[in-house]
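# Structure assessment
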Amino acid sequence: MRGLVVRGVGTPPRVEPVELPATGRGQVRVAVRAAGVCHSDLSMVDGTIAAPYPLLLGHEAAGVVVEVGDDVDRIAVGDHVVLDWAPPCRSCWYCGHGEPWLCERSGTPAATVGHTIDGEPLHVTLGLGALAEQVVVPQQAVVSVPPDLPFATAALLGCAVLTGVGAIRRTADVRPGDSVAVIGLGGVGLSAVAAARAAGAARVIAVDVAPAKAELAHAAGATDFLLADDTLSRAVRSLTDGRGVDHAVECVGRAATIRAAWRATRRGGQVIVVGMGGKDDMVALSALEIFHSARTLRSSVYGSSDPDRDVPELARAVLDGTLDLDFLVTDRITLDDAPEALARMARGEGARTVVLF
Ligand code: APR
Ligand code: ZN
């Protein structure tokens with residue numbers, strides 16, 4: 001089959017022939033029908049996230065189950081499924097503690113699960129490698145969704161939407177009347193904007209460096225759009241009676257934007273870090289301001305969500321019209337155009353690009 005492979009930091013990813021393992025015990029084979037291009041893929045190409053190479057990219061996808069291995073009991077051939085890049089083991093301390101998104105056995109950036117390229121081992125992103133025609137994964141790594149859910153939307157439920165919506169609903173617990181700022185308006189941030197509005201937030205201030213994101217922000221339900229520059233915290237304050245927002249959600253993954261989120265938050269408010277940044281990118285906070293601002297700094301991993309519970313719930317919300325994600329897919333492409341989609345993402349263009357198979 002063909003898949004999008006990167007062979008080293010900074011080298012351009014290319015569509016290459018790769019060999020997939022046979023479907024083993026407890027595993028399912030999925031024909032991928034749609035796969036989103038996520039910033040984490042870009043981060044593994046540009047080295048922001050350390051990864052082994054050669055690496056098969058992609059972790060946000062949906063498709064149809066075409067084969068099941070022995071002892072598969074929760075999935076059948078023909079099921080429409082969303083891939084889960086952090087399938088909880090259900091037996092470690094975190095899973096038992098109701099925090100399956102922190103499962104000790106899942107979420108490794110890259111794994112070897114039996115793929116090869118030119119006869120050599122090929123690593124796959126988050127155990128999936130979903131920017132490819134097929135995946136072979138444990139049955140725990142797929143969640144069934146109704147067949148009338150469009151594949152492009154279903155794909156995004158597995159990463160951008162679960163992450164962005166979960167950050168608002170589960171990590172931040174935004175309440176009606178709250179004020180929210182979302183910094184970084186890619187697939188993740190725009191999902192957060194839509195969720196904040198749906199949660200009844202009175203003010204949803206969308207922030208990005210790219211002026212072209214204003215239109216997408218309003219389509220997602222933002223009440224205001226601000227450019228990320230030195231005047232940001234003043235501009236946010238002027239929209240919130242001089243105080244700052246109750247919740248600032250950082251969806252970029254940089255120290256500078258975490259710092260900007262911190263400054264945009266009111267005393268006693270909270271900063272939610274959703275973006276996955278680099279290990280040497282340091283955020284400076286003084287001891288006095290931490291104390292005096294009484295703010296909370298939290299991170300949101302996979303939207304503090306349990307995909308087995310939350311993906312079907314999101315799918316229902318999309319189908320009954322209470323969660324409108326149509327604005328999110330701005331480009332539909334073939335696998336051959338995926339390298340160009342990564343380049344567009346690096347330039348901050350569009351919302352989500354989805355590869356259709
Ligand atoms: N201030 C504000 N916005 C910024 C800044 C900045 N300094 N730098 C970049 N941005 C904007 C970009 O213009 C773009 O609109 O952040 C947005 C990021 O969007 P995408 O690249 O589409 O990223 P996305 O897939 O949404 O992921 C966001 O979440 O899961 C993590 O690893 C992922 O860190 C990434 C983040
Ligand atoms: Zn992702």
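Here the structure is a predicted model, which means the values were calculated and not measured.

### Observations concerning the site of ligand 1
- Taken together, the neighbourhood of ligand 1 is formed by 22 residues, with His-39, Ser-40, Asp-208, Val-252 and Arg-352 sitting nearest.
- Residue Val-252 places a main-chain N or O atom 3.0 Å away from an oxygen atom belonging to ligand 1.
- Taking Arg-352, its side chain carries an N or O atom lying 2.7 Å from an oxygen atom of ligand 1.
- Expressed as a share of its isolated accessible area of 740 Å², the protein-covered part of ligand 1 is 90%.
- Mapped onto the shell around ligand 1, the elements with two or more residues apiece are α1 (39-46) and α4 (187-198).
- Counted by class, the shell around ligand 1 contains 10 nonpolar, eight polar and four charged residues.

### Concerning the packing of aromatic side chains
- One pass over the structure, following the stated rule, counts two aromatic pairs.
- Relative to Tyr-302, the ring of Trp-85 lies with its centre 3.8 Å away and its plane at 15°, an arrangement referred to as stacked. Here Trp-85 is found in the loop between β6 (80-83) and α2 (93-96), whereas its partner Tyr-302 is found in the loop between β18 (296-299) and α9 (307-319), with 217 residues between them in sequence. The burial state of Trp-85 is the same as that of Tyr-302; both residues are buried.
- Look at Trp-93 and Tyr-94: their rings are 5.0 Å apart centre to centre, the planes differ by 90°, and that puts the pair in the edge-to-face class.

### Side note on helix α7 (residues 255-264)
- When we look at burial in α7, the residues that qualify are Ala-255, Thr-257, Ile-258, Ala-261, Trp-262 and Ala-264.
- At its buried positions, α7 is contacted by β13 (179-183), α6 (232-238), β16 (245-250), β17 (265-273), α8 (287-293) and β18.

### A word on the confidence of the model for the protein chain
- Confidence in the prediction of the protein chain, expressed as mean pLDDT, is 96, and 100% of residues score 70 or more.
- Scored as a complex, the prediction yields pTM 0.96 and ipTM 0.98.

### Section: the coordination of the zinc ion (ligand 2)
- The coordination sphere of the zinc ion (ligand 2), as far as protein atoms go, consists of Cys-38 (SG), His-59 (NE2) and Cys-159 (SG), spread over 2.1 to 2.3 Å.
- For the zinc ion (ligand 2), the single-chain donor residues occur in sequence as C-x20-H-x99-C. Residue His-59 is found in the loop between β4 (55-56) and β5 (61-68), and its partner Cys-159 is found in helix α3 (residues 151-172); the two are separated by 100 residues along the sequence. Comparing His-59 with Cys-159 shows no difference in burial state: the two are buried.

### Some details on α3
- By the largest-angle criterion, Leu-157 marks the main kink of α3, which is about 65°.
- Of all 22 residues that make up α3, 20 are buried, and the element is covered over most of its length.
- Following α3 by one or two positions, Asp-173 adopts a phi angle in the positive range, close to 55°.

### A look at the sheet that holds strand β2 (residues 14-17)
- Spatially, β2-β1-β4-β10-β7 is the arrangement adopted by the five strands of the open sheet, whose pairing is mixed. The open sheet has two edge strands, β2 and β7 (110-111), and neither has a second partner.
- Two elements, strand β1 (residues 2-6) and β2, share four bridges in a ladder whose sense is antiparallel. From the neighbouring strand, Arg-2 faces β2, where its bridge partner is Pro-17.

Definitions and limits used
- Residues numbered from 1 in each chain as written.
- Chains lettered and ligands numbered in written order.
- Predicted model: local features only at pLDDT ≥ 70, side-chain atom pairs only at ≥ 80, totals over all residues.
- Heavy atoms only, no water.
- Near = heavy atom within 4 Å.
- Polar contact = N/O pair within 3.5 Å; in protein donor to acceptor, adjacent residues only side chain to side chain.
- Areas by Shrake-Rupley, 256 points an atom, 1.4 Å probe, with all protein chains shown as cover.
- Helix = DSSP H or I, 4+ residues; strand = E, 2+ residues; numbered from the N terminus.
- Nonpolar A, V, L, I, M, F, W, Y, C, P; charged D, E, K, R; others polar.
- Phe/Tyr/Trp six-rings, centres within 6.5 Å; stacked < 30°, edge-to-face > 60°.
- Buried < 20%, exposed > 50% of the residue type's maximum accessible area, 1.4 Å probe, protein only.
- Contact = heavy atoms within 4.5 Å.
- pLDDT = per-residue confidence, 0-100.
- Donors = N, O, S within 2.8 Å, 3.2 Å for Na, K, Ca; no water.
- Bend = angle between axes of the 7 residues up to and from the residue.
- Pairing = 2+ DSSP bridges.

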